[in-house]
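Here are the chains, one letter per residue:
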Amino acid sequence: MNELKVIFHINESNRWKIVLVNITNLLNDVGQDNVNIEVVVNGEAVSIFKNGCQPTECSGSCYGSTNESLLEQMEKLSEVGVNFVVCRNSLKGQSIDENSLPDFVTVVPAGITEIVRKQAEGYAYIKP
Amino acid sequence: MNELKVIFHINESNRWKIVLVNITNLLNDVGQDNVNIEVVVNGEAVSIFKNGCQPTECSGSCYGSTNESLLEQMEKLSEVGVNFVVCRNSLKGQSIDENSLPDFVTVVPAGITEIVRKQAEGYAYIKP
Amino acid sequence: MNELKVIFHINESNRWKIVLVNITNLLNDVGQDNVNIEVVVNGEAVSIFKNGCQPTECSGSCYGSTNESLLEQMEKLSEVGVNFVVCRNSLKGQSIDENSLPDFVTVVPAGITEIVRKQAEGYAYIKP
């Protein structure tokens, strides 16, 4: 079977837990070598990065405690190949400094464009 | 025209009514011979099966009254070819015994994998 | 690059603002000549058209003030090529007269069928 490809779209903060559980279940089911996973984060969901800190201020782990474990889970998933892609428009809308984002995150000009382009490349779409 | 193919994804209980209305409208519009419909149920939405009973306890109709009419509608839709596919991870998460599920339901290891695979096969995706 | 194609699906009124922001960001990012955008409106989201008036009653601008600016935004988007497609089943469900709809809207028998067909034609799907 060819490699599976999927976009997870998240635009509400209260869906983070579900998204991460879904991804974990998918990886456990098919194995990390058999699926390309990209998470596109836009709208209000980018606020998970809101309590981020400037690199000069701390060692990078000063996120709010509620978000901390989610961010740790995201980082672990990124280490097994999951891509986290964040919308610049949404970051601006919430006055979040791109420099404060975790290293494992990629910023794109518009999250919606990313979702359209990836589907055109054959990625499935899931909105958890 | 070739046969249409579509996955309906439901992961929240409060969307059941809408999902079933959507499917009914689709069937009325194009006819049951012209569309393949699969409903993938995961997350919290599997709780519709929570009040199910063991086959030894009743004749199979002892679901809670609130869910009963929805389950009856689902059964009728299954009789005209709609597939209902339920995520095993989600059932385990809610301690729902697979043996208590209605006969018309199919269980898969991970609902998310099913959604990705079906889209790779050309199914459209709808999240009502 | 080939032209991008995308369906935005809206079935809840409280998502209108987000949908219109998403579309605006997409157009700003790729340019209106490089993307085909269709918005499929069904379910409760058709209620944005509820305070519409008969052409005989007013000049077509007597929608409720809360919805007015959204409808104006929609009209402007329609002028740069965005298609707004509304589900007849949903209009009937809310007793909305088709004749009261703004001119830039197209009515289809079933919004869900439209979504399935467009994806079969290669359109991406986004549920904001």
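In case you missed it, the structure is sitting above this.
What you are looking at is a predicted structure, and each value in this text was computed from that prediction instead of being measured. Note that residues are indexed from 1 along each chain, following the sequence as it is written. The naming scheme follows written order: chains are lettered A onward, ligands numbered 1 onward. Two thresholds apply to this predicted model, a pLDDT of at least 70 for residue-level local features and 80 or more for giving and counting side-chain atom pairs, whereas whole-chain, interface and lining totals are computed over all residues. With hydrogens and water excluded, all non-hydrogen atoms of the structure serve as input to the side-chain values.

1. Description of the pattern of salt bridges
Pairing between side chains of opposite charge can happen when the charged atoms of each approach one another. Residues and elements named next belong to chain A. Convention followed: A pair is scored as a salt bridge if a Lys or Arg side-chain nitrogen falls within 4 Å of a carboxyl oxygen belonging to Asp or Glu. Numbering of helices and strands runs from the N terminus; a helix is a DSSP stretch of H or I covering at least four residues, while a strand is a stretch of E covering at least two. Partly exposed describes any residue whose relative accessible area lies between the buried limit of under 20% and the exposed limit of over 50%, with all areas from a 1.4 Å probe on protein chains only and scaled to the type maximum.
Counted by the stated rule, this structure contains twelve salt bridges over all chains. In this structure, Glu 38 engages Lys 118 in a salt bridge whose closest nitrogen and oxygen atoms are separated by 3.8 Å. Of this pair, Glu 38 sits in strand S2 (residues 35–41) while Lys 118 sits in helix H4 (residues 111–120), placing them 80 residues apart in sequence. Comparing Glu 38 with Lys 118 shows no difference in burial state: the two are buried.

2. Details of helix H4 (residues 111–120) of chain C
One turn of the α-helix equals 3.6 residues, which is why residues spaced by three or four share an orientation. Residues and elements named next belong to chain C. The buried count for H4 comes to eight of ten residues, which makes it a mostly enclosed element. All buried positions along H4 are accounted for by Gly 111, Ile 112, Thr 113, Glu 114, Ile 115, Val 116, Lys 118 and Gln 119. After H4 finishes, the residue Gly 122 shows a positive phi value of roughly 105 degrees.

3. Details of the sheet that holds S2(A)
Residues and elements named next belong to chain A. For the record, the criterion: Two strands form a pair only when DSSP identifies at least two bridges running between them. To get an axis, a line is fitted to the C-alpha atoms, and for a helix only the part in contact is used. The angle between two axes follows their N-to-C directions and goes from 0 to 180 degrees. Between two residues, a contact is recorded if the distance between any of their heavy atoms is within 4.5 Å.
Spatial ordering of the open sheet is given by S4-S3-S2-S1-S5, a layout of five strands whose pairing is parallel. Every other strand in the sheet has two partners, leaving strand S4 (105–108) and strand S5 (124–126) as the edge strands with one partner each. Pairwise comparison of adjacent strand axes, ignoring direction, gives a mean angle of 25 degrees for this sheet. The pairing of strand S3 (residues 83–87) with S4 spans four bridges and is classified as parallel. Its bridge partner lying in S4, Phe 84 is registered against Val 105. Against the sheet, helix H1 (residues 16–30) makes contact with strand S1 (4–10), S2 and S3, and its axis sits at roughly 175 degrees relative to S2, the strand it touches most.

4. Topic: the sheet that holds strand S3 (residues 83–87) of chain B
Taken together, five strands build an open sheet; the order of strands is S4-S3-S2-S1-S5 (chain B) and the sheet is parallel. Strands with a single pairing partner mark the edges of an open sheet, and in this sheet they are strand S4 (105–108) and strand S5 (124–126) of chain B. Strand-to-strand, the axes of this sheet are offset by a mean angle of 25 degrees, without reference to chain direction. Sheet topology places strand S2 (residues 35–41) of chain B next to S3(B); four bridges connect them, and they run parallel. Across the sheet, B:Glu38 pairs through a bridge with B:Asn83, a residue of S3(B). Each of strand S1 (4–10), S2 and S3 of chain B touches helix H1 (residues 16–30) of chain B; the most contacted strand, S2(B), lies at about 175 degrees to it. Here H4(C) sits on the sheet and contacts S1 and S5 of chain B; the angle it forms with S5(B), its principal contact strand, is near 145 degrees.

Any functional reading would require information beyond the geometric quantities listed.
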